[in-house]
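Here's the letter readout for the chains.
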Amino acid sequence: MKTQKFKRPLTWASLIGLLAATSLTAQVQNLTGDEDFYIEDVDESTDVYDPFESVNRFTFKFNDFVLSNTFQPLTDVYTAITPDPVEKGASNFFHNLGYPVRLASNLLQCRFEGAWVETGRFAINSTVGIVGVFTPADVYECFAPIKSEDVGQVFGAWGIGEGPYLILPFLGPSNLRDLAGFFGDRALSPLNEPLGVIDDWKWEWQFALSGTGYTARSPQIIERYKKLKGSSIDPYSSLKNGYTQYRRGAVAE
Amino acid sequence: MISFFFKTFLVFGLLLGATVSAQEAQKEKLQGMIDATLDVIYSDTHARLPAKEKQAKVREKLESSYDLDVMIRYAIGKNWRRMSEGEQLEVLELVKQLVLKAYVIGLEGKDRPSVSLGEVTETGKSRIEIESTMVLDTKTYYILYRLRQMESGWQIYDIVAENVSVSSNYRGQIDDHFRKGSGADLIARLEDLLAKDEINEDTKI
(Lines give C-alpha, C1' and ligand atoms only; values in the text may rest on other atoms or scores of the structure.)
Protein backbone atom coordinates (compact mmCIF):
# COMPACT_ATOMS: atom_id res chain seq x y z
CA MET A 1 0.00 0.00 0.00
CA LYS A 2 2.84 2.31 0.95
CA THR A 3 4.61 1.46 -2.29
CA GLN A 4 1.42 2.22 -4.24
CA LYS A 5 1.15 5.65 -2.60
CA PHE A 6 4.77 6.33 -3.37
CA LYS A 7 4.40 5.21 -6.98
CA ARG A 8 1.65 7.68 -7.89
CA PRO A 9 3.56 10.87 -7.24
CA LEU A 10 6.44 9.28 -9.06
CA THR A 11 4.22 8.58 -12.05
CA TRP A 12 3.03 12.16 -12.10
CA ALA A 13 6.54 13.50 -11.64
CA SER A 14 7.69 11.32 -14.56
CA LEU A 15 4.84 12.49 -16.77
CA ILE A 16 5.42 16.15 -16.00
CA GLY A 17 9.18 15.67 -16.33
CA LEU A 18 8.70 14.01 -19.73
CA LEU A 19 6.50 16.84 -20.95
CA ALA A 20 8.94 19.45 -19.65
CA ALA A 21 11.85 17.65 -21.30
CA THR A 22 9.98 17.42 -24.61
CA SER A 23 9.16 21.11 -24.45
CA LEU A 24 12.75 22.00 -23.50
CA THR A 25 14.16 19.89 -26.33
CA ALA A 26 11.85 21.64 -28.75
CA GLN A 27 12.98 25.03 -27.41
CA VAL A 28 16.67 24.13 -27.66
CA GLN A 29 16.21 22.80 -31.20
CA ASN A 30 14.45 26.02 -32.06
CA LEU A 31 17.11 28.23 -30.50
CA THR A 32 19.87 26.55 -32.43
CA GLY A 33 17.85 26.65 -35.65
CA ASP A 34 17.72 30.39 -36.39
CA GLU A 35 20.52 30.30 -38.98
CA ASP A 36 18.94 27.27 -40.69
CA PHE A 37 15.62 29.03 -40.71
CA TYR A 38 17.00 32.03 -42.60
CA ILE A 39 18.23 29.92 -45.49
CA GLU A 40 15.21 27.65 -45.85
CA ASP A 41 12.88 28.01 -48.82
CA VAL A 42 10.20 30.64 -48.44
CA ASP A 43 6.65 29.39 -47.96
CA GLU A 44 5.48 30.65 -51.36
CA SER A 45 7.60 29.12 -54.08
CA THR A 46 9.02 31.77 -56.37
CA ASP A 47 9.87 29.55 -59.31
CA VAL A 48 8.54 31.16 -62.44
CA TYR A 49 9.11 29.72 -65.91
CA ASP A 50 10.59 32.66 -67.79
CA PRO A 51 12.30 31.41 -70.98
CA PHE A 52 11.79 34.75 -72.75
CA GLU A 53 13.40 36.85 -70.02
CA SER A 54 15.51 39.00 -72.34
CA VAL A 55 12.52 39.84 -74.57
CA ASN A 56 10.32 40.35 -71.50
CA ARG A 57 12.84 42.71 -69.91
CA PHE A 58 12.95 44.72 -73.14
CA THR A 59 9.13 44.92 -73.26
CA PHE A 60 9.10 45.83 -69.57
CA LYS A 61 11.39 48.80 -70.29
CA PHE A 62 9.22 49.78 -73.25
CA ASN A 63 6.06 49.66 -71.09
CA ASP A 64 7.83 51.62 -68.36
CA PHE A 65 8.75 54.31 -70.89
CA VAL A 66 5.19 54.45 -72.29
CA LEU A 67 3.67 54.49 -68.80
CA SER A 68 5.98 57.20 -67.51
CA ASN A 69 5.86 59.42 -70.59
CA THR A 70 2.37 58.94 -71.96
CA PHE A 71 -0.09 57.39 -69.55
CA GLN A 72 1.20 59.00 -66.40
CA PRO A 73 0.93 62.58 -67.71
CA LEU A 74 -2.55 61.76 -69.04
CA THR A 75 -3.53 60.21 -65.71
CA ASP A 76 -2.13 63.22 -63.83
CA VAL A 77 -4.32 65.54 -65.92
CA TYR A 78 -7.32 63.22 -65.49
CA THR A 79 -6.97 63.07 -61.70
CA ALA A 80 -6.31 66.83 -61.50
CA ILE A 81 -9.40 67.87 -63.44
CA THR A 82 -11.74 65.14 -62.23
CA PRO A 83 -13.23 65.43 -58.75
CA ASP A 84 -12.67 62.31 -56.66
CA PRO A 85 -16.36 61.24 -56.64
CA VAL A 86 -16.50 61.46 -60.45
CA GLU A 87 -13.26 59.47 -60.71
CA LYS A 88 -14.69 56.85 -58.38
CA GLY A 89 -18.03 56.80 -60.26
CA ALA A 90 -16.29 56.26 -63.62
CA SER A 91 -14.24 53.42 -62.16
CA ASN A 92 -17.42 51.85 -60.71
CA PHE A 93 -19.23 52.18 -64.04
CA PHE A 94 -16.56 50.28 -65.96
CA HIS A 95 -16.27 47.66 -63.22
CA ASN A 96 -20.04 47.10 -63.41
CA LEU A 97 -19.78 46.53 -67.18
CA GLY A 98 -17.45 43.61 -66.49
CA TYR A 99 -20.31 41.67 -64.86
CA PRO A 100 -20.78 39.10 -67.69
CA VAL A 101 -17.10 38.15 -67.47
CA ARG A 102 -17.27 37.71 -63.69
CA LEU A 103 -20.58 35.83 -63.87
CA ALA A 104 -19.37 33.39 -66.53
CA SER A 105 -16.07 32.88 -64.72
CA ASN A 106 -17.85 32.06 -61.46
CA LEU A 107 -20.24 29.67 -63.19
CA LEU A 108 -17.47 27.92 -65.11
CA GLN A 109 -15.78 27.20 -61.76
CA CYS A 110 -19.11 26.10 -60.20
CA ARG A 111 -18.90 29.03 -57.79
CA PHE A 112 -22.64 29.50 -57.60
CA GLU A 113 -22.52 31.69 -54.51
CA GLY A 114 -20.09 34.03 -56.27
CA ALA A 115 -22.36 34.10 -59.33
CA TRP A 116 -25.32 34.96 -57.10
CA VAL A 117 -23.47 37.79 -55.33
CA GLU A 118 -22.23 39.22 -58.64
CA THR A 119 -25.75 39.09 -60.07
CA GLY A 120 -27.25 40.77 -57.01
CA ARG A 121 -24.61 43.49 -57.07
CA PHE A 122 -25.14 44.06 -60.80
CA ALA A 123 -28.91 44.29 -60.41
CA ILE A 124 -28.76 46.73 -57.49
CA ASN A 125 -25.88 48.86 -58.77
CA SER A 126 -27.28 49.08 -62.32
CA THR A 127 -30.69 50.28 -61.14
CA VAL A 128 -30.49 52.01 -57.75
CA GLY A 129 -26.85 52.84 -58.40
CA ILE A 130 -27.64 54.53 -61.76
CA VAL A 131 -25.96 52.27 -64.37
CA GLY A 132 -23.28 51.28 -61.90
CA VAL A 133 -21.91 54.73 -61.11
CA PHE A 134 -22.74 54.19 -57.43
CA THR A 135 -22.48 50.98 -55.44
CA PRO A 136 -25.50 50.83 -53.10
CA ALA A 137 -25.12 47.01 -52.99
CA ASP A 138 -22.20 47.55 -50.59
CA VAL A 139 -24.63 48.20 -47.73
CA TYR A 140 -26.14 44.72 -47.98
CA GLU A 141 -23.97 42.20 -46.19
CA CYS A 142 -25.08 39.39 -48.51
CA PHE A 143 -23.99 41.43 -51.55
CA ALA A 144 -20.72 42.78 -50.18
CA PRO A 145 -17.94 43.04 -52.80
CA ILE A 146 -16.15 39.79 -53.59
CA LYS A 147 -12.93 39.12 -55.44
CA SER A 148 -13.29 39.35 -59.20
CA GLU A 149 -13.03 36.18 -61.23
CA ASP A 150 -11.81 36.03 -64.82
CA VAL A 151 -11.33 33.46 -67.57
CA GLY A 152 -7.61 33.06 -66.79
CA GLN A 153 -8.56 31.93 -63.28
CA VAL A 154 -11.10 29.52 -64.79
CA PHE A 155 -8.35 27.90 -66.88
CA GLY A 156 -6.20 27.71 -63.74
CA ALA A 157 -9.02 26.08 -61.77
CA TRP A 158 -9.42 23.54 -64.58
CA GLY A 159 -5.80 22.53 -64.08
CA ILE A 160 -4.29 24.23 -67.11
CA GLY A 161 -0.67 25.23 -66.43
CA GLU A 162 0.59 28.81 -66.48
CA GLY A 163 2.97 28.38 -69.38
CA PRO A 164 5.80 30.85 -69.85
CA TYR A 165 5.75 34.20 -68.13
CA LEU A 166 5.11 37.06 -70.55
CA ILE A 167 5.24 40.83 -70.53
CA LEU A 168 2.75 42.11 -73.09
CA PRO A 169 3.26 45.47 -74.80
CA PHE A 170 0.96 48.07 -73.21
CA LEU A 171 -0.81 45.41 -71.12
CA GLY A 172 1.93 44.36 -68.70
CA PRO A 173 2.55 41.07 -66.89
CA SER A 174 0.82 37.86 -67.96
CA ASN A 175 1.52 34.26 -68.89
CA LEU A 176 0.35 32.08 -71.74
CA ARG A 177 -2.70 30.86 -69.82
CA ASP A 178 -3.74 34.36 -68.73
CA LEU A 179 -3.19 35.66 -72.27
CA ALA A 180 -5.70 33.09 -73.53
CA GLY A 181 -7.94 34.14 -70.62
CA PHE A 182 -7.63 37.75 -71.69
CA PHE A 183 -9.11 36.90 -75.09
CA GLY A 184 -11.84 34.96 -73.30
CA ASP A 185 -12.62 38.03 -71.17
CA ARG A 186 -12.83 40.17 -74.27
CA ALA A 187 -15.16 37.69 -75.96
CA LEU A 188 -17.48 37.76 -72.94
CA SER A 189 -17.46 41.53 -72.63
CA PRO A 190 -20.71 43.23 -73.71
CA LEU A 191 -18.65 45.91 -75.42
CA ASN A 192 -16.98 43.52 -77.85
CA GLU A 193 -18.07 40.97 -80.44
CA PRO A 194 -19.59 38.38 -80.40
CA LEU A 195 -21.65 39.46 -77.36
CA GLY A 196 -21.70 43.16 -78.22
CA VAL A 197 -24.92 44.75 -77.03
CA ILE A 198 -24.83 47.79 -79.28
CA ASP A 199 -25.71 47.53 -82.97
CA ASP A 200 -23.66 49.39 -85.57
CA TRP A 201 -20.79 49.44 -83.14
CA LYS A 202 -18.11 51.43 -84.92
CA TRP A 203 -14.47 50.89 -84.04
CA GLU A 204 -14.06 54.60 -83.17
CA TRP A 205 -16.65 54.23 -80.43
CA GLN A 206 -15.15 50.99 -79.22
CA PHE A 207 -11.72 52.59 -79.09
CA ALA A 208 -13.06 55.65 -77.28
CA LEU A 209 -14.92 53.56 -74.71
CA SER A 210 -11.97 51.23 -74.13
CA GLY A 211 -9.68 54.27 -73.78
CA THR A 212 -12.04 55.88 -71.28
CA GLY A 213 -12.24 52.63 -69.35
CA TYR A 214 -8.48 52.40 -69.18
CA THR A 215 -8.19 56.05 -68.13
CA ALA A 216 -10.74 55.50 -65.36
CA ARG A 217 -8.74 52.60 -63.98
CA SER A 218 -5.28 54.00 -64.69
CA PRO A 219 -4.76 56.08 -61.49
CA GLN A 220 -4.85 52.91 -59.37
CA ILE A 221 -2.64 50.98 -61.80
CA ILE A 222 -0.06 53.76 -62.01
CA GLU A 223 0.01 54.32 -58.25
CA ARG A 224 0.63 50.63 -57.64
CA TYR A 225 3.28 50.51 -60.33
CA LYS A 226 5.10 53.56 -58.91
CA LYS A 227 5.02 52.05 -55.45
CA LEU A 228 6.41 48.75 -56.72
CA LYS A 229 9.11 50.50 -58.73
CA GLY A 230 10.09 52.73 -55.83
CA SER A 231 10.56 49.90 -53.34
CA SER A 232 12.07 47.24 -55.63
CA ILE A 233 15.67 46.23 -55.99
CA ASP A 234 14.77 44.81 -59.41
CA PRO A 235 11.32 46.02 -60.57
CA TYR A 236 11.11 43.40 -63.34
CA SER A 237 11.77 40.59 -60.90
CA SER A 238 9.44 42.08 -58.30
CA LEU A 239 6.58 42.38 -60.80
CA LYS A 240 7.16 38.84 -62.09
CA ASN A 241 7.13 37.40 -58.58
CA GLY A 242 4.25 39.56 -57.35
CA TYR A 243 2.07 38.85 -60.39
CA THR A 244 2.70 35.10 -60.22
CA GLN A 245 2.05 34.88 -56.48
CA TYR A 246 -1.14 36.92 -56.85
CA ARG A 247 -2.49 34.81 -59.70
CA ARG A 248 -1.57 31.52 -58.04
CA GLY A 249 -3.34 32.69 -54.89
CA ALA A 250 -6.41 33.75 -56.87
CA VAL A 251 -6.62 30.37 -58.61
CA ALA A 252 -6.12 28.46 -55.37
CA GLU A 253 -8.86 30.33 -53.48
CA MET B 1 -8.04 4.31 -13.40
CA ILE B 2 -10.68 6.92 -14.21
CA SER B 3 -8.88 9.30 -11.89
CA PHE B 4 -5.62 8.72 -13.78
CA PHE B 5 -7.24 9.54 -17.14
CA PHE B 6 -8.95 12.54 -15.67
CA LYS B 7 -5.68 13.92 -14.30
CA THR B 8 -3.83 13.20 -17.55
CA PHE B 9 -6.59 15.00 -19.42
CA LEU B 10 -6.26 17.89 -16.99
CA VAL B 11 -2.49 18.17 -17.49
CA PHE B 12 -2.83 18.15 -21.28
CA GLY B 13 -5.72 20.59 -21.05
CA LEU B 14 -3.59 22.97 -19.01
CA LEU B 15 -0.70 22.69 -21.46
CA LEU B 16 -3.05 23.30 -24.40
CA GLY B 17 -4.58 26.25 -22.57
CA ALA B 18 -1.12 27.71 -21.96
CA THR B 19 -0.28 27.38 -25.69
CA VAL B 20 -3.53 29.02 -26.77
CA SER B 21 -3.04 31.83 -24.30
CA ALA B 22 0.55 32.35 -25.56
CA GLN B 23 -0.81 32.63 -29.11
CA GLU B 24 -3.44 35.12 -27.99
CA ALA B 25 -0.67 37.11 -26.30
CA GLN B 26 1.10 37.33 -29.67
CA LYS B 27 -2.10 38.58 -31.24
CA GLU B 28 -2.41 41.29 -28.61
CA LYS B 29 1.22 42.28 -29.06
CA LEU B 30 0.77 42.54 -32.84
CA GLN B 31 -2.40 44.60 -32.51
CA GLY B 32 -0.57 46.89 -30.09
CA MET B 33 2.29 47.40 -32.52
CA ILE B 34 -0.05 48.11 -35.46
CA ASP B 35 -2.06 50.62 -33.41
CA ALA B 36 1.10 52.32 -32.13
CA THR B 37 2.57 52.77 -35.61
CA LEU B 38 -0.72 54.05 -37.02
CA ASP B 39 -0.92 56.48 -34.08
CA VAL B 40 2.44 57.89 -35.13
CA ILE B 41 1.46 58.22 -38.80
CA TYR B 42 -1.96 59.73 -38.15
CA SER B 43 -1.50 61.73 -34.95
CA ASP B 44 -1.84 65.51 -35.18
CA THR B 45 1.41 66.00 -33.31
CA HIS B 46 3.36 64.17 -36.01
CA ALA B 47 1.40 65.52 -38.96
CA ARG B 48 3.93 68.22 -39.81
CA LEU B 49 7.06 66.21 -39.15
CA PRO B 50 9.46 65.78 -42.08
CA ALA B 51 9.13 62.38 -43.74
CA LYS B 52 12.44 61.05 -42.37
CA GLU B 53 11.61 61.99 -38.78
CA LYS B 54 8.21 60.36 -39.07
CA GLN B 55 9.82 57.21 -40.46
CA ALA B 56 12.26 57.22 -37.54
CA LYS B 57 9.39 57.43 -35.07
CA VAL B 58 7.55 54.58 -36.77
CA ARG B 59 10.74 52.55 -36.73
CA GLU B 60 11.11 53.19 -33.01
CA LYS B 61 7.62 51.80 -32.41
CA LEU B 62 8.17 48.77 -34.63
CA GLU B 63 11.52 47.93 -33.11
CA SER B 64 10.17 48.17 -29.60
CA SER B 65 8.00 45.15 -30.43
CA TYR B 66 9.81 43.22 -33.15
CA ASP B 67 13.28 42.65 -34.54
CA LEU B 68 13.06 43.83 -38.15
CA ASP B 69 16.32 42.07 -38.98
CA VAL B 70 14.53 38.71 -38.87
CA MET B 71 12.26 39.48 -41.80
CA ILE B 72 15.09 41.01 -43.83
CA ARG B 73 17.45 38.08 -43.13
CA TYR B 74 14.68 35.67 -44.17
CA ALA B 75 14.16 37.63 -47.39
CA ILE B 76 17.89 37.61 -48.15
CA GLY B 77 18.13 33.85 -47.58
CA LYS B 78 21.35 32.11 -48.50
CA ASN B 79 22.60 35.18 -50.35
CA TRP B 80 23.58 36.46 -46.88
CA ARG B 81 26.76 34.40 -47.08
CA ARG B 82 27.75 36.05 -50.34
CA MET B 83 28.32 39.35 -48.58
CA SER B 84 31.07 40.51 -46.27
CA GLU B 85 30.22 41.32 -42.65
CA GLY B 86 30.29 45.05 -43.40
CA GLU B 87 28.03 44.60 -46.43
CA GLN B 88 25.61 42.51 -44.41
CA LEU B 89 25.15 45.25 -41.84
CA GLU B 90 24.80 47.93 -44.48
CA VAL B 91 22.23 45.93 -46.47
CA LEU B 92 20.18 45.30 -43.31
CA GLU B 93 20.07 49.00 -42.56
CA LEU B 94 19.29 50.11 -46.13
CA VAL B 95 16.51 47.56 -46.66
CA LYS B 96 15.00 48.61 -43.33
CA GLN B 97 14.98 52.25 -44.44
CA LEU B 98 13.49 51.34 -47.82
CA VAL B 99 10.67 49.26 -46.35
CA LEU B 100 9.84 51.92 -43.76
CA LYS B 101 9.82 54.63 -46.42
CA ALA B 102 7.42 52.63 -48.59
CA TYR B 103 5.19 51.83 -45.60
CA VAL B 104 4.91 55.37 -44.22
CA ILE B 105 4.58 57.18 -47.54
CA GLY B 106 2.17 54.53 -48.83
CA LEU B 107 -0.28 55.33 -46.04
CA GLU B 108 0.10 59.10 -45.97
CA GLY B 109 -2.66 61.24 -47.41
CA LYS B 110 -5.26 58.57 -46.76
CA ASP B 111 -7.74 58.09 -43.96
CA ARG B 112 -6.51 55.98 -41.09
CA PRO B 113 -7.10 52.34 -41.99
CA SER B 114 -8.94 50.14 -39.56
CA VAL B 115 -7.06 46.93 -38.88
CA SER B 116 -8.63 43.98 -37.10
CA LEU B 117 -6.85 40.76 -36.32
CA GLY B 118 -8.56 37.43 -36.79
CA GLU B 119 -7.73 33.83 -36.19
CA VAL B 120 -4.35 32.62 -34.95
CA THR B 121 -3.23 29.37 -36.56
CA GLU B 122 -0.30 27.21 -35.55
CA THR B 123 1.36 26.31 -38.86
CA GLY B 124 4.31 24.30 -37.61
CA LYS B 125 6.83 23.95 -34.86
CA SER B 126 7.17 27.39 -33.26
CA ARG B 127 5.30 29.05 -36.12
CA ILE B 128 1.98 30.82 -36.17
CA GLU B 129 -0.03 32.86 -38.65
CA ILE B 130 -2.30 35.71 -37.63
CA GLU B 131 -5.01 36.72 -40.09
CA SER B 132 -6.02 40.35 -40.40
CA THR B 133 -8.23 42.60 -42.47
CA MET B 134 -7.41 46.19 -43.26
CA VAL B 135 -10.10 48.55 -44.49
CA LEU B 136 -8.51 51.44 -46.36
CA ASP B 137 -10.57 53.89 -48.41
CA THR B 138 -13.61 51.55 -48.36
CA LYS B 139 -11.53 48.69 -49.76
CA THR B 140 -10.78 45.61 -47.69
CA TYR B 141 -7.37 44.01 -47.87
CA TYR B 142 -6.50 40.60 -46.39
CA ILE B 143 -3.15 40.51 -44.67
CA LEU B 144 -1.48 37.56 -43.01
CA TYR B 145 1.31 37.94 -40.47
CA ARG B 146 3.69 35.01 -40.09
CA LEU B 147 5.59 34.69 -36.85
CA ARG B 148 8.25 32.31 -35.59
CA GLN B 149 9.76 31.80 -32.19
CA MET B 150 13.39 32.87 -32.51
CA GLU B 151 16.19 33.20 -29.96
CA SER B 152 14.94 36.72 -29.35
CA GLY B 153 11.31 35.65 -28.90
CA TRP B 154 8.39 35.65 -31.31
CA GLN B 155 9.28 37.62 -34.45
CA ILE B 156 7.47 38.49 -37.68
CA TYR B 157 9.26 36.82 -40.58
CA ASP B 158 6.77 37.43 -43.39
CA ILE B 159 3.74 39.52 -44.27
CA VAL B 160 1.39 38.25 -46.98
CA ALA B 161 -0.80 40.97 -48.47
CA GLU B 162 -3.50 39.83 -50.89
CA ASN B 163 -1.69 36.53 -51.56
CA VAL B 164 1.65 38.24 -52.17
CA SER B 165 4.36 37.35 -49.68
CA VAL B 166 6.72 40.26 -49.07
CA SER B 167 9.59 37.95 -48.07
CA SER B 168 9.11 35.79 -51.15
CA ASN B 169 9.00 38.86 -53.36
CA TYR B 170 12.27 40.26 -51.99
CA ARG B 171 13.86 36.78 -51.96
CA GLY B 172 13.09 36.49 -55.69
CA GLN B 173 14.60 39.90 -56.43
CA ILE B 174 17.71 39.29 -54.33
CA ASP B 175 18.23 35.82 -55.85
CA ASP B 176 17.99 37.39 -59.32
CA HIS B 177 20.40 40.15 -58.28
CA PHE B 178 23.07 37.75 -57.01
CA ARG B 179 23.02 35.73 -60.24
CA LYS B 180 24.99 38.56 -61.82
CA GLY B 181 25.64 41.17 -59.14
CA SER B 182 27.58 41.45 -55.87
CA GLY B 183 26.92 42.75 -52.37
CA ALA B 184 28.49 46.08 -53.31
CA ASP B 185 26.16 46.39 -56.32
CA LEU B 186 23.19 45.66 -54.06
CA ILE B 187 24.23 48.42 -51.66
CA ALA B 188 24.65 50.85 -54.57
CA ARG B 189 21.18 49.93 -55.86
CA LEU B 190 19.58 50.38 -52.43
CA GLU B 191 21.29 53.75 -51.90
CA ASP B 192 20.11 54.81 -55.34
CA LEU B 193 16.52 53.81 -54.50
CA LEU B 194 16.57 55.69 -51.20
CA ALA B 195 17.93 58.80 -52.86
CA LYS B 196 15.33 58.72 -55.65
CA ASP B 197 11.93 60.18 -55.20
CA GLU B 198 10.10 57.34 -56.94
CA ILE B 199 7.96 56.89 -53.85
CA ASN B 200 6.94 60.47 -53.45
CA GLU B 201 4.22 62.15 -51.49
CA ASP B 202 1.65 61.51 -54.26
CA THR B 203 2.20 57.79 -54.31
CA LYS B 204 -0.56 55.88 -52.60
CA ILE B 205 -1.25 52.21 -52.10
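Fair warning: this is a prediction, and the values are worked out from it, not measured in the lab.

**Brief notes about the overall build of chain A**
Each helix and strand counted, chain A has 10 helices and two strands in total. In chain A, the order of α-helices and β-strands from amino to carboxyl end is α-α-α-α-α-α-α-β-β-α-α-α. Taking all 253 residues of chain A together, the buried fraction comes to 40%. For chain A, the proportion of contacts with a sequence separation of at least 24, taken over those separated by at least 6, is 65%.

**Points about the side chain of Asp185 of chain A**
All names here are of chain A. Of note, Asp185 is situated in helix 8 (residues 176-188). Within the buried set, Asp185 has no salt-bridge partner at all; the shortest N-O distance to an opposite charge, 6.7 Å, is to Arg247. Within polar-contact distance, the side chain of Asp185 engages the backbone nitrogen of Val151 at 3.0 Å. In this view, Asp185 contacts Val101, Asp150 and Val151; residues no more than four positions away in its chain are not counted.

**Focus on a nonpolar patch on the surface**
There is a patch of nonpolar side chains on the surface, built from Phe62, Phe170 and Leu171 of chain A and spanning about 310 Å² of accessible area. Locating Phe170 of chain A in the fold gives a position in the loop between strand 1 (165-168) and strand 2 (172-175).

**Some details on the environment of Glu108 of chain B**
Residues and elements named next belong to chain B. Tracing the chain through its elements places Glu108 in the loop between helix 4 (85-107) and strand 1 (114-124). Take Glu108: its relative accessible area is 15%, and that puts it in the buried class. For the pair Glu108 and Ala51, spaced 57 residues apart in sequence, the C-alpha separation works out to 9.9 Å.

**What about the pairing of strand 1 of chain A?**
All names here are of chain A. Alternating positions in strand 1 separate into two faces, Tyr165 and Ile167 on one and Leu166 and Leu168 on the other, with burial throughout. As paired strands, strand 1 and strand 2 are joined by four bridges and run antiparallel to one another. Bridge pairing in strand 2 places Tyr165 opposite Asn175. In this structure, the hairpin formed by strand 1 and strand 2 is closed by a connection of three residues, where Phe170 is found at a positive phi of approximately 70 degrees.

**Details of the packing of helix 4 of chain B against helix 6 (residues 183-195) of chain B**
For any two helices packed against each other, one specifies the inter-axial angle together with the distance between the axes. Residues and elements named next belong to chain B. Axis separation between helix 4 and helix 6 bottoms out at 10 Å; the angle between their running directions is 25 degrees. When the interaxial angle is binned, helix 4 and helix 6 end up roughly parallel. For helix 4 against helix 6, the interelement crossing comes out left-handed. Only Gly183, Ala184, Leu186, Ile187, Leu190, Glu191, Leu193 and Leu194 of helix 6 make contact with helix 4, whose side of the interface consists of Glu87, Glu90, Val91, Leu94, Val95, Gln97, Leu98 and Lys101.

**What about the sheet that holds strand 4 (residues 153-161) of chain B?**
Paired through backbone hydrogen bonds, the strands of a sheet run either parallel or antiparallel to each other. Residues and elements named next belong to chain B. Strands sit in the order 1-2-3-4-5 across an open sheet of five strands; the sheet is antiparallel. Both edges of this open sheet fall to strand 1 and strand 5 (164-165), since each of them pairs with a single strand only. Examined bridge by bridge, strand 4 and strand 5 share two bridges and lie antiparallel to one another. Bridge pairing links Ala161 to Val164 in strand 5. Against the sheet, helix 3 (residues 68-76) makes contact with strand 3 (139-150) and strand 4, and its axis sits at roughly 55 degrees relative to strand 4, the strand it touches most.

**Digging into the packing of helix 2 (residues 51-65) of chain B against helix 4 of chain B**
All names here are of chain B. Where helix 2 meets helix 4, the axes come as close as 10 Å, and the angle between the chain directions of the two elements is 110 degrees. As far as their axial angle goes, helix 4 and helix 2 are roughly perpendicular. Between helix 2 and helix 4, the residues in contact are Lys54, Gln55, Val58, Arg59, Leu62 and Glu63 and Glu93, Lys96, Gln97, Leu100, Lys101, Tyr103, Val104 and Ile105, respectively. Classifying every residue of the contact of helix 2 with helix 4 gives six nonpolar, two polar and six charged.

**So, the nonpolar core**
Residue and element names in this part refer to chain B. In this structure, Leu30, Ile34, Ile130, Tyr145, Leu147 and Ile156 are the most contacted members of the largest nonpolar core, which totals 27 residues. Taken together, the elements giving at least two residues each to this core come down to helix 1 (2-42), helix 2, helix 3, helix 4, strand 1, strand 2 (127-136), strand 3 and strand 4. Top element by residues in this core is helix 1. It accounts for six residues. Dropping the residues within four chain positions of it, Tyr145 is found in contact with Leu30, Ile34, Leu117, Ile128, Glu129, Ile130, Ser132, Ile156, Asp158 and Ile159.

**Comments concerning unusual backbone geometry**
Residue and element names in this part refer to chain A. The residue Cys110 is not glycine, and still its phi comes out positive at about 60 degrees. Its place among the elements puts Cys110 in the loop between helix 5 (99-108) and helix 6 (112-127). Residue classification places Cys110 among the exposed positions, given a relative accessible area of 54%. Positive phi outside glycine occurs at Phe170, with the angle close to 70 degrees.

Criteria and thresholds
- Residues numbered from 1 in each chain as written.
- Chains lettered and ligands numbered in written order.
- Predicted model: local features only at pLDDT ≥ 70, side-chain atom pairs only at ≥ 80, totals over all residues.
- Heavy atoms only, no water.
- Helix = DSSP H or I, 4+ residues; strand = E, 2+ residues; numbered from the N terminus.
- Buried < 20%, exposed > 50% of the residue type's maximum accessible area, 1.4 Å probe, protein only.
- Contact = heavy atoms within 4.5 Å.
- Lys, Arg positive; Asp, Glu negative; His and termini not counted.
- Salt bridge = Lys/Arg side-chain N within 4 Å of Asp/Glu carboxyl O.
- Polar contact = N/O pair within 3.5 Å; in protein donor to acceptor, adjacent residues only side chain to side chain.
- Patch = residues over 30% accessible without salt bridge, like charges linked within 9 Å, V, L, I, M, F, W, Y side chains within 5 Å.
- Areas by Shrake-Rupley, 256 points an atom, 1.4 Å probe, with all protein chains shown as cover.
- Pairing = 2+ DSSP bridges.
- Axes fitted to C-alpha atoms, helices over the stretch in contact; angles between N-to-C directions.
- Parallel < 35°, antiparallel > 145°, perpendicular 65-115°, else oblique.
- Left-handed = near helix turned anticlockwise from the far one by under 90°.
- Nonpolar A, V, L, I, M, F, W, Y, C, P; charged D, E, K, R; others polar.
- Core = buried A, V, L, I, M, F, W, Y, C linked by side-chain atoms within 4.5 Å.

Remember, this is a structural readout, not a statement about activity or role.
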